[in-house]
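Topology and contacts: notes
What follows is each chain in one-letter form.
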Amino acid sequence: MIGLIVRRFIQLLLLLLGISFLVFMSMHLAPGDPATVIGGPTATASDLEAIRKDLGLDRPVLVQYVDYLGGILHGDFGYSFQTNQSVSDAIITRFPNTLKLATASMVVAVIIGIIAGILSAMKQNSWIDISSTTFALAGVSIPNFWLGTMLILIFAVNLQWLPVGGLSSPIYTIEGMKQLILPAITLGTASAALIARMCRSAMLEVIKSDYIRTARAKGVKQKSVIWIHALRNAMIPVVTVIGINFGGLLGGTIITEQVFAINGVGRLMIDAIAARDFPVVQGTVLLVAAIFVIVNLIVDIIYAFIDPRISYD
Amino acid sequence: MSADIALNENKTKPPKKEKYYVQTIRRVLKNKLAVFGIIIIFIQVILAIFAPLLVNYGPYVQDLSQTKLGIGAEGHFLGTDNYGRDMWSRLVYGARISLIVGLAAVGIGLIGGIALGLISGYYKKLDGIIMRIVDLLFAFPGILLAMLIIAMLGTSLVNVVIAISIWSIPGCARIVRGSVLSVKKQEYILAMKSVGASDIRIIFKHILPNCTAPIIVFATMRMATAILSTAALSFLGLGAQPPTPEWGAMIAAGQDFMWDAPHMSIIPGIAIMLTVFAFNVVGDGLRDALDPNMNLDM
């Protein structure tokens, strides 16, 4: 197990290095001169030259990359072209909102997905199963930005039960919880659908296996069969889906933050893309991608813990 | 007598074997959801092709005296938007944009993915480097990779096509590589090699045709993702720009008028949902029909 973790960790470091290189080069290959963005339309040629020198853009790209990498290791992601604010500070200020949203969505997705999946498998071909399957199919087809808009229309505009957007209040207050409900449902629905689908098929497969038949033949109660014997084995593929989805949810926050006007990393990224503020784009993309691969590593390790039969050799 | 013999010969003839694709189509058509999906896609294709014949107003024609008319209004059965543009017309032209963008993005992605997958699976020496690049592209949540490419190229619908194509490449490459690895171990491939067939001939004539099943399923499901992602990127202002009648951009435009004209957001949203649903269920149906155990690690 330790060997697996060490091996995966080395692979992770190489992957992170590759990601940083790809992101850095993408921004440098982008058409347009950052000096022009900073200097504005009135900047003269000498002004632009001075800006380039000041930012170190006159040096070879690889030197700039190594310099950038060194900065990242010290928590320095550079400075925004637009606001001159430190990218690290901008990310630190906004990341808690993104994390809150992704975590709340995951909780919604796991609760709804697992319950729907188990009920669906236990009552195969019943109305519960049909409803759950329909939900799973619809859930992956609904655009989340549209679902969010519709939830706002129903619960915020018409019924006025929940706020339209924002995530300004602390999560432990009633207002904070209220602000989180609609974005979490918006973002969590597609993942809930995938988890429900995976959980249903995994449960059906396990329920049909010999050891479950043996447990039933020995007179074990239905509840124990499902919750103690079947669920643990059925959870193996479900955990993978949950893990992969958490990474996906981080990507999804970008859209949900925009719909609900939440000041998170995703919104920061979109504003930066629109303004061609490359240091901010680099920093935010790098952060989300890094979290994505780290979560995948954790899932891999959890996977090996849950099922000792799994070997990554 | 001779007629009797002919009759007996006919009787003893083994039944004509159905072609593989006919069997597949037959199996897909048994799946009710897949049939529903095919009907929706067919309707959308008809709308996209015959768009000019199906509308009374152009998608860009404004009538400021008829703004924000609701569903069922006279002359505009799906209402109008805030500029008095006919919603039905914009919806129909939006179908055309969604299909063209989806087909272009998936087509380009497939060409890249198939090429990389074939090379990676067939040539062991190149496998390591290609798969590491694929792993690197997989390290980004899909929409993030698309955004990175758009950040690099700028915001436009063409750049969305490029972004979604690149996003599709690693998934397709991995699937094709997997198929190639299993097919190239088959005896008939070894036989082809032993009689001196060229690599190109073996790859395109004998390996690729045997990889088509997972590629077809991938392409169908990818259409759903491509249409959804195009709409999402346009919604965020990174794809189609106003006044283009793109569904995602239409939802974004409708957000400001949810109080008095909710149909501006509702109608394009339903269109996206139905289209994505259709491609998903057809993809599911095709997968079940071609090979229920097919593993599509996208």
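Residues numbered from 1 in each chain as written. Chains lettered and ligands numbered in written order. Predicted model: local features only at pLDDT ≥ 70, side-chain atom pairs only at ≥ 80, totals over all residues. Heavy atoms only, no water.

1. Topic: the interface of chain B and chain A
- Between chain B and chain A, the residue contacts involve 40 residues of the former and 40 residues of the latter.
- Between chain B and chain A, the buried area comes to about 3,400 Å², and carbon and sulfur atoms account for 83% of it.
- Counting every contact that joins chain B to chain A gives 1 salt bridge.
- In this structure, B:D284 and A:R197 form a salt bridge, with 2.4 Å as the shortest nitrogen-oxygen distance.
- On the surface where chain B and chain A come into contact, there are 3 residue pairs in polar contact (both at pLDDT 80 or more). (Contact = heavy atoms within 4.5 Å. Buried area = accessible area lost by both parts, 1.4 Å probe. Salt bridge = Lys/Arg side-chain N within 4 Å of Asp/Glu carboxyl O. Polar contact = N/O pair within 3.5 Å; in protein donor to acceptor, adjacent residues only side chain to side chain.)

2. Some words on the UniProt feature "transmembrane region" (unreviewed entry) in chain B
- UniProt feature "transmembrane region" (unreviewed entry): in the numbering of this structure it lies at residues 33-55, 97-121, 133-151, 157-176, 215-238 and 266-286 of chain B.
- Note that residues 97-121 of chain B is 100% helix and 0% strand, and that its end C-alpha atoms are spaced 35 Å apart. (UniProt positions renumbered as here; feature names shortened; annotations may be inferred. Helix = DSSP H or I, 4+ residues; strand = E, 2+ residues; numbered from the N terminus.)

3. Points about the UniProt feature "transmembrane region" (unreviewed entry) in chain A
Residue and element names in this part refer to chain A.
- Mapped onto the present numbering, the UniProt feature "transmembrane region" (unreviewed entry) falls at residues 101-122, 134-160, 180-199 and 285-306.
- Secondary structure content for residues 134-160 is 85% helix and 0% strand, and the end C-alpha separation is 29 Å.
- Taken as a whole, residues 180-199 contains 100% helix and 0% strand, while its terminal C-alpha atoms sit 26 Å from one another.

4. Quick look at the UniProt feature "domain: ABC transmembrane type-1" (unreviewed entry) in chain B
- Mapped onto this numbering, the UniProt entry gives "domain: ABC transmembrane type-1" (unreviewed entry) at residues 95-283 of chain B.
- Across residues 95-283 of chain B one finds 80% helix and 0% strand; the C-alpha atoms that close the span lie 19 Å apart.

5. Here's the deal with the nonpolar core
- Within the largest apolar cluster, 173 residues are counted, with the highest numbers of intra-cluster contacts made by A:I19, A:F145, A:M203, B:F140, B:M147 and B:I207.
- Leave out the neighbours within four places in its chain, and B:I207 touches B:L118, B:Y122, B:V180, B:V183, B:K184, B:I189 and B:I202. (Core = buried A, V, L, I, M, F, W, Y, C linked by side-chain atoms within 4.5 Å. Buried < 20%, exposed > 50% of the residue type's maximum accessible area, 1.4 Å probe, protein only.)

6. Some thoughts on empty space enclosed by the protein
- Across all of its chains, the model carries 2 cavities of 30 Å³ or more by this definition.
- Mapped onto the lining of the largest cavity, the elements with two or more residues apiece are α5 (87-122) and α12 (247-254) of chain B.
- Within the lining of the largest cavity, the residues separate by chemical class into 4 nonpolar, no polar and 3 charged.
- There is about 30 Å³ of room inside the second largest cavity.
- What lines the second largest cavity is A:T98, A:L250, A:T253, A:V265, A:G266 and A:V288.
- At the level of secondary structure, the elements contributing two or more residues to the lining of the second largest cavity comprise α10 (222-259) and α11 (265-275) of chain A. (1 Å grid on protein atoms, 1.4 Å probe; cavity = no way out; pocket = protein on both sides within 12 Å on 5 of 7 lines; lining within 4 Å. Points joined across faces, edges and corners; volume = space filled by probe spheres on them. Nonpolar A, V, L, I, M, F, W, Y, C, P; charged D, E, K, R; others polar.)

7. Remarks on the packing of helix α5 (residues 87-122) of chain A against helix α8 (residues 174-207) of chain A
Residue and element names in this part refer to chain A.
- The contact between α5 and α8 brings their axes to 6 Å, and the two run at 35°. Judged by the twist between their axes, the crossing of α5 over α8 is right-handed.
- Its residues assigned to classes, the contact of α5 with α8 comprises 22 nonpolar, 6 polar and 2 charged. (Axes fitted to C-alpha atoms, helices over the stretch in contact; angles between N-to-C directions. Left-handed = near helix turned anticlockwise from the far one by under 90°.)

8. As for the environment of B:I108
Residue and element names in this part refer to chain B.
- Tracing the backbone through its elements, the reader meets I108 in helix α5.
- The sequence separation of I108 and M87 amounts to 21 residues, and the corresponding C-alpha distance is 31 Å.
- Those residues within four positions of I108 in sequence are excluded, and the remaining contacts are V161 and S165.

9. Some words on the UniProt feature "domain: ABC transmembrane type-1" (unreviewed entry) in chain A
- UniProt annotation of "domain: ABC transmembrane type-1" (unreviewed entry) refers to residues 95-303 of chain A when read in the numbering used here.
- Here residues 95-303 of chain A runs as 84% helix and 0% strand, with 27 Å between its end C-alpha atoms.

10. Regarding the layout of surface pockets
All names here are of chain A.
- Each pocket or cavity is described by its volume, and for the second largest pocket that value is around 690 Å³.
- Secondary structure elements with two or more residues in the lining of the second largest pocket: α1 (2-29), α2 (34-39), α3 (45-55), α4 (61-73) and α12 (278-306).
- Among the elements that take part in the lining of the second largest pocket, α4 stands out by supplying 4 residues, more than any other.

11. Looking at unusual backbone geometry
- Residue B:P243 is bonded to the preceding B:P242 through a cis peptide linkage, with omega at 10°.
- A positive phi is found at A:A261, a non-glycine position, where the angle reads about 50°.
- Along the chain, the position of A:A261 falls in the loop between α10 and α11.
- What makes A:A261 partly exposed here is its relative accessible area of 38%.

12. Let's talk about the pattern of salt bridges
- Within the structure shown, the criterion is met by 12 salt bridges over all chains.
- The partner of A:R200 in a salt bridge is A:D129, and the shortest N-O contact between them spans 2.7 Å. In this pair, A:R200 sits in helix α8 while A:D129 sits in helix α6 (residues 127-141), placing the two residues 71 residues apart along the sequence.
- Residue classification places A:R200 among the partly exposed residues on the basis of a relative accessible area of 22%.
- With a relative accessible area of 3%, A:D129 lands in the buried category.
- We note a salt bridge from B:D284 to B:R287, for which the minimum N-O separation is 3.0 Å. With B:D284 and B:R287 both in helix α13 (residues 263-290), this residue pair falls 3 residues apart, about one helical turn.
- Linked through salt bridges whose partners overlap, the residues forming this network are A:R197, B:D284 and B:R287.

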